[in-house]
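A closer look at the structure
Now for the letters of each chain:
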Amino acid sequence: MTRDSAGGSGDDGDVSVVYDLAPDCTASDLEPDTQYLAEINGIVEYGIFVDLSENVSGLIHESVLEGTFQVGQELIVELEDVRENGDLAFQPADIDTDDEYAVEPVTHEYPLTGTDRLGANVGEQIHLEGEIVQIKQTGGPTIFHVADEYGVVPCAAFEEAGVRAYPAAEVGDIVRVTGTPETREETVQIEVDGLSRLDGEDEADARERLEAALDERAQAHDVEPLIDWPAFEKLRDDLMEVATLLRRTVLEGRPIRVRHHADGDGMCAAVPVQLALEQFIAEVHQDDNAPQHLIKRLPAKAPFYEMEDATRDLNFALEDRERHGQQLPLLCMLDNGSTAEDVPAYETLAHYDIPIVAIDHHHPDPDAVGDLLDAHVNPYLHDEDYRITTGMLCVELARMIAPDLTDDLRHIPAVAGVSDRSKADAMAQYLELAAENGYDETRLKDVSEALDYAAFWLRYNSGDQLIQDVLELSDADEERHQRLVEFLADRSRRAVDDQLDAAMTHVEHERLDSGVHLYRIDVEHHAHRFTYPAPGKTTGEIHDRKITETGDPVITVGYGPDFAVLRSDGVRLDIPRMVSELEEEIPGGGVSGGGHLVVGSIKFVKGKREEVIDALVEKMAAADIDEALSSAAPLEN
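In this report, we go over the structure that sits alongside the text. Treat the numbers as computed from the prediction; the structure is a model and nothing was measured.

What counts and how
Residues numbered from 1 in each chain as written. Predicted model: local features only at pLDDT ≥ 70, side-chain atom pairs only at ≥ 80, totals over all residues. Heavy atoms only, no water. Helix = DSSP H or I, 4+ residues; strand = E, 2+ residues; numbered from the N terminus. Rg over C-alpha atoms; globule rule 2.2 N^0.38 Å. Contact = heavy atoms within 4.5 Å. Areas by Shrake-Rupley, 256 points an atom, 1.4 Å probe, with all protein chains shown as cover. Lys, Arg positive; Asp, Glu negative; His and termini not counted. Charge placed at Lys NZ, Arg CZ, Asp CG, Glu CD. Phe/Tyr/Trp six-rings, centres within 6.5 Å; stacked < 30°, edge-to-face > 60°. Lys NZ or Arg CZ within 6 Å of the ring centre and 35° of its normal. Patch = residues over 30% accessible without salt bridge, like charges linked within 9 Å, V, L, I, M, F, W, Y side chains within 5 Å. Salt bridge = Lys/Arg side-chain N within 4 Å of Asp/Glu carboxyl O. Pairing = 2+ DSSP bridges. Axes fitted to C-alpha atoms, helices over the stretch in contact; angles between N-to-C directions.

Turning next to the overall build of the protein. Per the secondary structure count, the protein includes 17 helices and 24 strands. Taking 26 Å as the expected radius of gyration for a compact globule of 637 residues, we find that the protein reaches 34 Å, considerably beyond that expectation. With the principal axes as the frame, the protein shows a C-alpha extent of 120 × 55 × 45 Å. Sequence-distant contacts in the protein: of pairs separated by 6 or more residues, those separated by 24 or more amount to 67%. When the accessible surface of the protein is summed, it comes to about 28,200 Å², and 43% of that surface belongs to carbon and sulfur atoms. Side chains of the protein carry 51 positive and 135 negative charges; the gap between the two charge centres is 14 Å.

The final tally for this structure, using the stated rule, is nine aromatic pairs. Seen in terms of ring centroids, tyrosine 46 and phenylalanine 49 are 6.4 Å apart; in terms of plane orientation they differ by 85 degrees. Their pairing is edge-to-face. The cationic tip of arginine 247 hangs over the ring face of phenylalanine 280; the distance from NZ or CZ to the ring centre is 4.0 Å. Looking at arginine 459, its charged tip hangs above the ring of phenylalanine 456, at a distance of 5.1 Å from the centre.

The grouping of Asp199, Glu201, Asp202, Asp205 and Glu208 at the surface amounts to a negative patch. With respect to the element layout, aspartate 199 can be found in the loop between β13 (187-197) and α1 (200-218).

An order of β9-β10-β11-β13-β12 is seen for the five strands of this closed barrel, with the pairing classed as mixed. Along the sheet, successive strands turn relative to each other by an average axial angle of 55 degrees, direction set aside. Pairing geometry for strand β9 (residues 126-137) and strand β12 (residues 174-184), over six bridges, is antiparallel. Within β12, the residue paired with glutamate 131 across the bridge is isoleucine 174. Sheet strands touched by α1: β9, β10 (142-147) and β12. Its angle to β9, the strand with the most contacts, is close to 80 degrees.

Now the structure itself:
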């Protein structure tokens, strides 16, 4: 029994206290030698029947009564006895209703059962308190997904077929559910007997309890990094913040949508995070189907969040909210999302208060995206650069979310580094770690080629199982993995050879005044279109061959009607800065783009192509030579 003071008992205790049971109180809330308000509900020869609440009634025997009574009259009573059959006997208290007394309300104390103990209580009535995180109306019952301190459980309430039960209840309400856990297709679900919204102090206390528990459970795991790398330590706190935010998002029942660059590094970043979140969702939710509904991973062809992708994501999110009662998702951008080009898409989502986090290693524009991101992790923000790939960062992020995945992920940072041609100081350690798991450099290159090839043909699809098999993750069959990687890598190399056989004779060469070799190719007219490799990779492969041939600083430009792809080695380029300058210097050029400092892409209007490329070459010719600077950065497709 919980008593809430409603006036006190006077300065000297002279005023008696009478307790008023809440409607949902039961006999378990009664205490001996305690005075309660009661109301007469029936009069018989042997006494009168009184109600103390909707669930507490009893008899006052005529032998202890004096005077006359009528139905509806208020009395003050005490518990006299509990009969063997459970019937309650009351007697009038030694206080008259005309006397001065203070009333204290009594609320029913529910023995709460957490979602972590539902399996042990199947078939028994329980009480659960939590927050509604999703409401789905089916053709039969209404399904309320309720989150408590331990997890999320579906609660089925039936009014009549297809009719909303408890229509006043909304997502975000704190509710008390009374019902019976039952197993439905190996998933525990509560069959609801009653659902009520908490308010006042009850709601405040429950919300405070839930918040404290969720804050504690959301905390990321403080795992030791796979390797000792001072540069990574600078980003460690930022990753911990994101891991905690993602875990909290899962605990709140909010969906997560992962968008990543459709290349090897992007997939090495996104797939581990996806697997970690799926594992944590399965821990939190009683619904076995929750992982497939609450985490979606989709590739993005551009190294930024395009409006086409943003509007598609927003539309799907709004449809899911309408059809399935889901909250709007958190957007997790991986291996893109740091530049001014992302702003229009971010601003679109901002109209719906969709939270966004970005983990990226492209050269960022923090002034442009800072206010639009809830969290931003990028090595450039800590005086590092693209050599720390997003895949390397996200393997650690995944381990902070779900440490049990560590053994499965040890080779992934090396795959990410090879895919992005990272020259990070830590690559030697990552290669050694991968070798311990059976991945020598040849195998790593094969996996990298296989990822690029698969990503091209998947286009806008995630290819979950295929990519996991290529990366040998999530219980992938080792023999199938090896055959698959060998096949895809072989097809990739053949396609590259065919492309370069057609393109190399059309490569134009000039020696800049700085001594740098400049190679240009019109990939629109002198390379196969709409097939693998894409213009970015075609340009990169030509660039690599020219580096091998010359051994000197090289810049390679692959261009089409309205775009150019840039690669450089041994030249101090700053492509994001060059793009910004061209935007101002060429009115009507429609110049945009970016990427890494020494590898990137530029877009422009078709009619300004010659002017843009000439201005670009002039800027590159003025760049300083740096033999120590390698552009072994990712190939932008």
